[in-house]
Amino acid sequence: MRRIYLDHAATTKTRKEAVEAMLPYFTEHYANPSAVYSFAGEAKKGLDESRKTIADILGAKPEEIYFTGGGTESDNWALLAAADAYEQKGKHIITTKIEHHAILHTCAYLEKKGFEVTYLDVDEFGLVNPEDVEKAVRPDTILISVMFANNEIGTVEPVKEIGAIAKNHGVLFHTDAVQAFAHIPINVDEMNIDMLSASGHKFYGPNGVGFLYIRKGVKIRSYMHGGAQERKRRAGTSNTPGIVGMGTAAKLAASEMERESERQCRLRDYLIGRVLKEIPYSRLNGDPKRRLPNNVNFCFRFIEGESMLINLDLAGICASSGSACTSGSLDPSHVLLAIGLPHEIAHGSLRLTIGDETTQEDLDYVADQLVKIVGNLRNMSPLYEDFMKKNGKK
């Protein structure tokens with residue numbers, strides 16, 4: 001059966017170059033890179049090269065890159081350790097209502113510990129207003145955390161402007177760049193970013209490995225205790241194969257970024273155009289221009305997203321109704337509710353995220369299938385039937 005994978009925001013395949021780079025670290029250079037004997041040298045070299053690769057992509061220093069188990073750990077570390085280190089200054093944190101749950105749930109945990117969190121609204125496209133960020137800053141504000149790009153609707157936030165506000169007020173600025181790193185340009189100095197989270201499996205690296213950028217001078221304490229790894233800030237034996245694979249994938253993604261971004265933007269806009277033209281009562285979620293190159297997110301009125309996903313799967317199409325971390329939930333997306341959509345429309349959401357092997361032929365097939373699937377589901381929908389009767393169309 002034909003299979004078209006359009007859920008790259010959830011995870012990507014590990015590209016073969018990354019797998020090939022990893023293999024020697026399982027069987028040849030398998031020594032613990034923290035060991036003092038010379039046999040460990042090759043393993044340590046692999047870590048150092050990956051650290052430098054990632055730092056160069058961000059315009060950072062290698063010693064500012066700390067390897068983690070993925071984006072969720074990096075987000076938790078940034079918030080929890082910042083709260084611990086700076087609570088004597090204050091207990092106020094600023095974030096947005098559309099953050100990934102790795103941020104929102106950590107903020108909820110901190111609220112139980114006595115911290116106060118301001119959750120900023122966004123506009124209909126999912127953009128946070130930098131003026132709202134500045135107005136929310138208080139003398140006791142210690143951290144601003146705003147995602148670089150939204151994982152559901154693809155909107156790219158005004159990170160540079162927010163970073164400048166944070167710097168002017170002497171407040172730490174963290175950004176969850178899990179969806180953005182290696183897909184769109186990021187420079188931590190130009191954007192005044194103090195901490196940045198990313199995850200290897202979002203840019204064709206392996207699962208279970210990520211990193212946290214921490215600007216030199218930021219007083220972030222250890223998150224994992226038990227060893228002196230990662231300059232005494234993140235204990236635990238290094239996942240050398242995973243880190244090498246992530247570094248290889250990052251290097252390749254960065255070298256292809258401009259060309260691949262242009263290609264994906266063309267495909268993205270082509271699919272958006274077809275769907276909005278051919279399926280009535282559909283809408284695009286997220287900013288139409290200021291969005292990730294590979295992200296498409298629709299809502300189709302009168303039907304449920306879950307039914308769409310099942311029918312798409314039967315047609316060989318892998319898609320999502322929102323964040324991969326909430327794919328088992330029946331609740332409507334908190335992101336779609338935050339941009340002002342009512343529950344009944346938010347329930348009919350569909351996220352399609354393009355990858356490096358996606359073709360226009362694939363998207364034509366997807367669009368054709370969507371026209372059929374949405375039409376069939378609406379024909380079985382009493383909501384659609386009532387709507388058509390009220391508007392004299394049946």
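Residues numbered from 1 in each chain as written. Predicted model: local features only at pLDDT ≥ 70, side-chain atom pairs only at ≥ 80, totals over all residues. Heavy atoms only, no water.

Participant: How should empty space enclosed by the protein be read in this particular structure?
Facilitator: One simple way to see leftover space: roll a probe sized like a water molecule over the atoms. The full count for this structure, using the stated rule, is two cavities of 30 Å³ or more. Considered as a void within the structure, the largest cavity measures approximately 170 Å³ in volume. Around the largest cavity sit 13 residues that line it, and Ala182, His183, Tyr204, Glu260 and Gln264 are the ones nearest its centre. One number sums up the size of the second largest cavity: a volume of about 80 Å³. Lining the second largest cavity are His8, Ala9, Thr12, Gln179, His183, Lys202, Tyr204, Gln264, Leu292, Pro293, Asn294 and Ile354. (1 Å grid on protein atoms, 1.4 Å probe; cavity = no way out; pocket = protein on both sides within 12 Å on 5 of 7 lines; lining within 4 Å. Points joined across faces, edges and corners; volume = space filled by probe spheres on them.)

Participant: How should I be thinking about the environment of Ser50 in this particular structure?
Facilitator: Assignment of secondary structure puts Ser50 in helix α3 (residues 41-58). In this structure, the C-alpha to C-alpha distance between Ser50 and Lys251, residues 201 residues apart in sequence, is 8.7 Å. (Helix = DSSP H or I, 4+ residues; strand = E, 2+ residues; numbered from the N terminus.)

Participant: Help me understand the sheet that holds strand β10 (residues 295-300), please; the structure alone is not making it clear to me.
Facilitator: Consider a sheet: its strands pair through backbone hydrogen bonds, and that pairing is either parallel or antiparallel. Overall, antiparallel pairing links the three strands, which are arranged β9-β10-β12 in an open sheet. Of all strands in the sheet, those bounded by a partner on one side alone are β9 (282-284) and β12 (349-353). Mean inter-strand twist for the sheet, computed between neighbouring axes without regard to direction, equals 25 degrees. This element, helix α9 (residues 240-278), spans β9, β10 and β12 of the sheet and lies at about 10 degrees to β10. (Pairing = 2+ DSSP bridges. Axes fitted to C-alpha atoms, helices over the stretch in contact; angles between N-to-C directions. Contact = heavy atoms within 4.5 Å.)

Participant: What should I look at first to understand the sheet that holds strand β8 (residues 210-214) in this one?
Facilitator: Taken in spatial order, the seven strands of this open sheet run β2-β8-β7-β6-β5-β3-β4, and their pairing is mixed. Looking along the sheet, the strands with just one partner apiece sit at the ends: β2 (65-68) and β4 (116-120). Pairwise comparison of adjacent strand axes, ignoring direction, gives a mean angle of 20 degrees for this sheet. As defined by bridge partners, strand β6 (residues 172-176) adjoins strand β7 (residues 195-199) across three bridges and the pair is classed as parallel. Its bridge partner being in β7, Asp176 is matched across the sheet by Ser197. Relative to β2, α3 is tilted by about 120 degrees, and along the sheet it contacts β2, β7 and β8. Here helix α4 (residues 71-86) sits on the sheet in contact with β2, β5 (141-145), β6, β7 and β8, set at roughly 160 degrees to β7.

Participant: What am I meant to see in the packing of α4 against helix α5 (residues 101-112) here?
Facilitator: Geometrically, a packed helix pair is captured by the angle between its two axes and the distance between the axes. Where α4 contacts α5, the axes come no closer than 9 Å and their chain directions differ by 30 degrees. Viewed along their axes, α4 and α5 adopt a mutual orientation that is roughly parallel. Viewed along their axes, α4 and α5 form a crossing whose handedness is right-handed. Counted together, Thr72, Asp75, Asn76, Leu79, Leu80 and Ala83 of α4 and Ala102, Ile103, Thr106, Cys107, Tyr109 and Leu110 of α5 form the full contact between these two elements. Residue composition of the contact of α4 with α5, by class: eight nonpolar, three polar and one charged. (Parallel < 35°, antiparallel > 145°, perpendicular 65-115°, else oblique. Left-handed = near helix turned anticlockwise from the far one by under 90°. Nonpolar A, V, L, I, M, F, W, Y, C, P; charged D, E, K, R; others polar.)

From the geometry alone we can't say anything about function, so treat these as descriptive.
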